[in-house]
Amino acid sequence: MRAGRLLAPAPGWTTETDVVVVGSGVAGLTAALHATRAGRVLLVTKVLVDDGSTRWAQGGVAAALGTDDSPQEHLQDTLVAGVGLCHPEAVRVLCTEGPVRLRELIALGAAFDRDPSGELALTREGGHHRNRIVHAGGDATGAEVSRALVAAVRNHPGIELVEHALVLDLLRTADGRAAGVTLHVLGEGTKDGVGAVLARAVVLATGGMGQVFSSTTNPPVSTGDGVALALRAGAAVTDLEFVQFHPTALFLGGDAAGQQPLISEAVRGEGAFLADAAGRRVIGPQDHPLADLAPRDVVAKAIHRRMLEAGTDHVYLDARGLGEDLLLHRFPTIVARCREAGIDPVTDMIPVAPAAHYASGGVRTDLFGRTSVPGLYACGEVACTGVHGANRLASNSLLEGLVFAGRIGEHLERTLPPPAEPVADGGEPVLLDPSVRGDLGRAMAEGAGVLRSADSLAVTAKTLHALQGRTSRLPEPAAWEATDLHMVATALVAAATRREETRGAHWREDFPDASDAWRGHLVTTLTGTTFEKASA
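None of the values given here were measured: they were computed from a predicted structure.

> Account for unusual backbone geometry, with residues named and values stated.
One non-glycine residue, V83, lies in the positive phi region at around 50 degrees. Note that V83 resides in the loop between α2 (71–81) and α3 (88–107). Notably, H164 is not glycine yet its phi reads approximately 55 degrees, a positive angle. Within the secondary structure layout, H164 lies in the loop between β8 (159–162) and β9 (165–172). Looking at H164, the relative accessible area reads 32%, which means it is partly exposed.

So this is what it looks like as structure tokens:
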């Protein structure tokens, strides 16, 4: 990958703050609230403040709240799902601090579902051995979490919110410290809207990169902007090859592309099961002790195998046994979306197929969200804290955003550096034509999706190399997003090619088994990808 910066006009306006937070999902909103203890906060978000992935989260938030549960048991389930690559101390932080952060969210006004006694209603999802998932509105947890956090941010006098702001590049001082960001804001400053935010610290909370694949559960804004920015700034990213494919996206036909509706695995937690067109179970106890509630990588692979055997492009989720009352009470959003597509879960089996869902890897951070670039922090899906390893445990993502965003706020309160002047970036400007996006997504889905091999990855890498030549001289949001997607895709394919084993969400048909020699992390920077053996 080439060093450089996005081709963009010089900033036409400048503003200053103490901390700039980029992104408005659970991680960004939480980081902004906690960062106010360090100083003034400017929260910038790509479209509207509630347009990120958080509001699409259906399942819930995992936390050891039940009397029969403990943080240690939650930790153990997380380590098992991560298949040997979790950072144990990061998982300990997640599971022990999680209940406190969840209660803070409730104190902000988040209304989670309750049982008849008034206690939080807890359910179970794939990979969990206890009922520890709190949910809201049945299957609208993300929307409620977002609502509560957005209200708190809007009401906080120490936070300024700027919407329709696409981040471009990191501003840095002469010694390499983060000093702010450049961004494009619709209707701000000059006609093109490019400006600069000078800040003493930068927090990336830009979300995922699901749009790198042609079929994903991620919203259109998930174009990997934060990972691409970090790479261009010299930061290390890690575990990019571990992209979780959700087993059960609603199948809308072979030509469907972009964001696909999600069928939460909480439906399976209530008793639904996967079957093929002949009614045969897709996964059972003989395949995994938890059967349909096995970790997502196991279920996605079982579905993919069955589709290959049958020559089909989907299987079915049978929720008919749950009954109409339970379906409408627990999953009103899912039922409504299915019915919009002409499928009634009460009487029909739901067609489903795996779709790109969550990036377990990202910008490498420590336990306080610090990246390898001083003054640059990351949290949420854009970050790799080490809690997910090779495969994220269901409903740990919202919790991770709450916990590590809070830790960033605590660290900034203690160590916010003095203001510093950025220097000009002498890197070569780069910009790809927006037309590369369709070809890129198809190539990634075909060669670097659920099933990978040296041959398929080589074909994808060749396509990405060719697309690199389709440049543009017209700076615009579509071109910036396409360029970011290309950088992320290139780094992902390099890591996936290098890892010659099958582990977690990374499935190599030419290396079908896990290898202890590969129990470690692939760390990518602009200079290349290196392997670091995991600690014992």
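> How would you summarise the pairing of strand β15 (residues 243–250) if you had to cite specific residues and measurements?
Successive side chains on a regular strand alternate, one facing one side of the sheet and the next facing the other. Summarising burial for β15: 8 of the 8 residues are buried, a large majority. Strand direction decides the pairing type here: β15 and strand β19 (residues 350–359), joined by 6 bridges, are antiparallel. The residue of β19 that forms the bridge with V243 is A359.

> An account of the nonpolar core is needed here, citing residue identities and associated values.
In this structure, L170 and M444 are the most contacted members of the largest nonpolar core, which totals 60 residues. Leaving out residues up to four positions away in the same chain, M444 has contacts with V212, F213, G449, T460, L464, A489, L492 and V493. Residues V49, C86, A136 and I408 belong to the second largest nonpolar core, which totals 50 residues.

> Mind laying out the pattern of salt bridges, listing which residues take part and the relevant values?
Under the defined criterion, the tally for this structure stands at 39 salt bridges. One salt bridge in this structure joins E340 and R337, with 3.6 Å as the shortest N-O distance. Highlighted residues: E340 and R337, both in helix α9 (residues 332–340), separated by 3 residues, approximately one helical turn. Judged by relative accessible area, R337 falls into the partly exposed class, the value being 30%. Across the pair E501 and R503 runs a salt bridge, and its minimum N-O distance is 2.7 Å. On the basis of relative accessibility, which here comes to 0%, the residue E501 falls in the buried class. Salt bridges sharing common partners tie together K46, D225, R437 and E481.

> Give me the lowdown on the packing of aromatic side chains, citing residues and values where you can.
Ring pairs (aromatic) are described by centroid distance and by the angle formed between their planes. Overall, the coordinates contain 2 aromatic pairs when judged by the stated rule. Ring geometry for F213 versus F245: centroids 5.3 Å apart, planes at 70 degrees, classification edge-to-face. Taken together, the positions of F213 in the loop between β12 (201–204) and β13 (215–216) and F245 in strand β15 put the pair 32 residues apart, joining distant regions of the chain. You can call F213 buried: its relative accessible area is 3%. Taking the relative accessible area as the measure of exposure, F245 reaches 10% and is therefore buried. Measuring from centroid to centroid gives 5.1 Å for W518 and F531, while their planes differ by 70 degrees, and the two rings are edge-to-face. Linking W518 in the loop between α13 (477–498) and β24 (520–525) with F531 in strand β25 (residues 528–533), this pair joins segments that are 13 residues apart in sequence. With a relative accessible area of 15%, W518 lands in the buried category. Residue placement shows R407 over the ring face of F368; its charged tip is 4.7 Å from the ring centre.

> Give me the side chain of D113: which residues, what numbers.
The topology assignment puts D113 in the loop between α3 and β6 (122–123). For the buried D113, no salt bridge exists, and the shortest N-O distance to an oppositely charged side chain is 5.0 Å, to R330. One polar contact links the side chain of D113 to the main-chain amide nitrogen of G138, over a distance of 2.9 Å. Ignoring anything within four residues of it in the chain, the contact list for D113 reads E119, L120, A121, H135, A136, G137 and G138.

> Report on the sheet that holds strand β22 (residues 383–384), specifying residues and quantitative values.
Strand order in the open sheet formed by 5 strands is β22-β20-β14-β24-β25, and the pairing between neighbours is mixed. If you trace the sheet from one side to the other, it starts and ends with β22 and β25, each paired once. Here strand β14 (residues 237–238) pairs with strand β20 (residues 362–364) via 2 bridges, running antiparallel. Within the sheet, the bridge partner assigned to V237 lies in β20 and is V363. Strands in contact with helix α5 (residues 225–232) are β14, β20 and β24; relative to β20, the strand with the most contacts, it is inclined by about 40 degrees. Running over the sheet, α13 touches β24 and β25 and is turned about 45 degrees from β25.

> Please give an account of the packing of helix α12 (residues 454–467) against α13 that cites residues and values.
Running from amino to carboxyl end, α12 crosses α13 at an angle of 155 degrees, the nearest separation of the two axes being 10 Å. By the criterion of interaxial angle, the relationship of α12 to α13 is roughly antiparallel. With respect to the hand of their crossing, α12 and α13 are arranged in left-handed fashion. From α12, L457, T460, A461, L464 and L467 reach across to α13, where they touch H486, A489, T490, V493, A496 and T497. Its residues assigned to classes, the contact of α12 with α13 comprises 7 nonpolar, 4 polar and no charged.

> Residues and numbers for the pairing of β12, please.
Burial of the side chains of β12 extends over both faces: A201 and V203 are buried on one face and V202 and L204 on the other. The pairing of strand β3 (residues 19–22) with β12 spans 4 bridges and is classified as parallel. When the sheet's bridge partners are listed, V20 is paired in β12 with V202. When β12 meets strand β21 (residues 376–378), the two strands line up parallel, connected through 3 bridges.

Definitions and cut-offs
Residues numbered from 1 in each chain as written. Predicted model: local features only at pLDDT ≥ 70, side-chain atom pairs only at ≥ 80, totals over all residues. Heavy atoms only, no water. Helix = DSSP H or I, 4+ residues; strand = E, 2+ residues; numbered from the N terminus. Buried < 20%, exposed > 50% of the residue type's maximum accessible area, 1.4 Å probe, protein only. Pairing = 2+ DSSP bridges. Core = buried A, V, L, I, M, F, W, Y, C linked by side-chain atoms within 4.5 Å. Contact = heavy atoms within 4.5 Å. Salt bridge = Lys/Arg side-chain N within 4 Å of Asp/Glu carboxyl O. Phe/Tyr/Trp six-rings, centres within 6.5 Å; stacked < 30°, edge-to-face > 60°. Lys NZ or Arg CZ within 6 Å of the ring centre and 35° of its normal. Lys, Arg positive; Asp, Glu negative; His and termini not counted. Polar contact = N/O pair within 3.5 Å; in protein donor to acceptor, adjacent residues only side chain to side chain. Axes fitted to C-alpha atoms, helices over the stretch in contact; angles between N-to-C directions. Parallel < 35°, antiparallel > 145°, perpendicular 65-115°, else oblique. Left-handed = near helix turned anticlockwise from the far one by under 90°. Nonpolar A, V, L, I, M, F, W, Y, C, P; charged D, E, K, R; others polar.

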